[in-house]
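Fold and geometry: a report
The residues making up each chain are set out below.
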Amino acid sequence: MSITDDDGLRELLDADTIAIVGCSTTEGKAAHDVPSYLQEHGYRIVPINPYTDEILGERAYDSLADVEEEIDLVDVFRPSEETPGIVENVIERHEKRGDAGAVWLQLGIESDEAAELAEEAGLDFVQDHCIKIEHDRLIASA
């Protein structure tokens, strides 16, 4: 289900563990600074990046399928054209493990195809919103 209202966003922000697909090792990039912000606000982040072993003190995984711990939300920092494949990976994980029930595409990332796939699979879905901005607006500043 596509989530656009504040109540729905607040509910997603109630997550504990957030997998960050495309998490970066480079300070100053949104894909590094946003996960850092999330950590600072009590979230457990699980970096997904096949090119490094560790980001922000957390083990980095090659793919979502490699993560053994439970994931509540998958936050995506990859180009829009890659998102349908990422959503398919989330769906596969959700069907096998029962976790990862939500996908959040960061600001500037959107895909009707990814939205349709998520909706058909019954996943919560947000696109073109920054999780840091929404957290700050709805939770931190509240």
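Scroll up to find the structure this text is about.
Residues numbered from 1 in each chain as written. Predicted model: local features only at pLDDT ≥ 70, side-chain atom pairs only at ≥ 80, totals over all residues. Heavy atoms only, no water.

1. Points about the pairing of strand 2 (residues 44-48)
- By the criterion of burial, strand 2 is predominantly enclosed, with four of the five residues buried.
- Handedness of the crossover joining strand 1 (residues 17-21) and strand 2 through helix 2 (residues 30-40): right-handed. (Buried < 20%, exposed > 50% of the residue type's maximum accessible area, 1.4 Å probe, protein only. Helix = DSSP H or I, 4+ residues; strand = E, 2+ residues; numbered from the N terminus. Right-handed = clockwise from strand over helix to strand, strands pointing away.)

2. Notes on the sheet that holds strand 7 (residues 124-126)
- The sheet built from five strands is open, its strands ordered 2-1-5-6-7 with parallel pairing. Each end of this open sheet is capped by a strand with a single partner; those strands are strand 2 and strand 7. Neighbour-to-neighbour, the strand axes of this sheet turn through a mean angle of 20°, independent of strand direction. (Pairing = 2+ DSSP bridges. Axes fitted to C-alpha atoms, helices over the stretch in contact; angles between N-to-C directions.)

3. What to know about helix 2
- Looking at helix 2, one finds that the buried residues are A31, H32, V34, P35, S36, Y37 and L38.
- Lining the buried residues of helix 2 we find strand 1, strand 2, strand 3 (54-55), strand 5 (73-76) and helix 5 (131-140).
- Phi for G42, located one or two positions after helix 2, is positive at around 95°. (Contact = heavy atoms within 4.5 Å.)

4. Comments concerning the environment of H32
- Within the secondary structure, H32 is located in helix 2.
- In sequence terms H32 and I55 are 23 residues apart; their C-alpha atoms lie 8.3 Å from each other.
- Once residues within four sequence positions are removed from consideration, H32 is found in contact with S24, T25, T26, E27, I55 and L56.

5. Remarks on the packing of helix 3 (residues 83-97) against helix 4 (residues 112-120)
- Their axes nearest at 8 Å, the elements helix 3 and helix 4 cross at an angle of 15°. In this view, helix 3 runs roughly parallel relative to helix 4, as classed from their interaxial angle. You can see that helix 3 and helix 4 cross each other, and the crossing is right-handed. Contacts between helix 3 and helix 4 involve T83, P84, V87, E88 and I91 from the former and E113, A114, L117 and A118 from the latter.
- When its residues are assigned to classes, the contact of helix 3 with helix 4 shows six nonpolar, one polar and two charged. (Parallel < 35°, antiparallel > 145°, perpendicular 65-115°, else oblique. Left-handed = near helix turned anticlockwise from the far one by under 90°. Nonpolar A, V, L, I, M, F, W, Y, C, P; charged D, E, K, R; others polar.)

6. Here's the deal with the pattern of salt bridges
- For the structure on display, the rule yields eight salt bridges.
- A salt bridge links E69 to R44; the nearest nitrogen and oxygen atoms lie 2.8 Å apart. One end of the pair, E69, is in the loop between strand 4 (58-59) and strand 5; the other, R44, is in strand 2, with 25 residues separating them in the sequence.
- Taking relative accessible area as the criterion, E69 reaches 24% and is therefore assigned partly exposed.
- Among the salt bridges present, the one from E82 reaches R78, with a minimum N-O distance of 2.9 Å.
- Classification of E82 as partly exposed rests on a relative accessible area of 32%.
- The exposure class assigned to R78 is partly exposed, which follows from its relative accessible area of 33%.
- Shared partners join several salt bridges into a network, and the residues in it are D6, E134 and R137. (Salt bridge = Lys/Arg side-chain N within 4 Å of Asp/Glu carboxyl O.)

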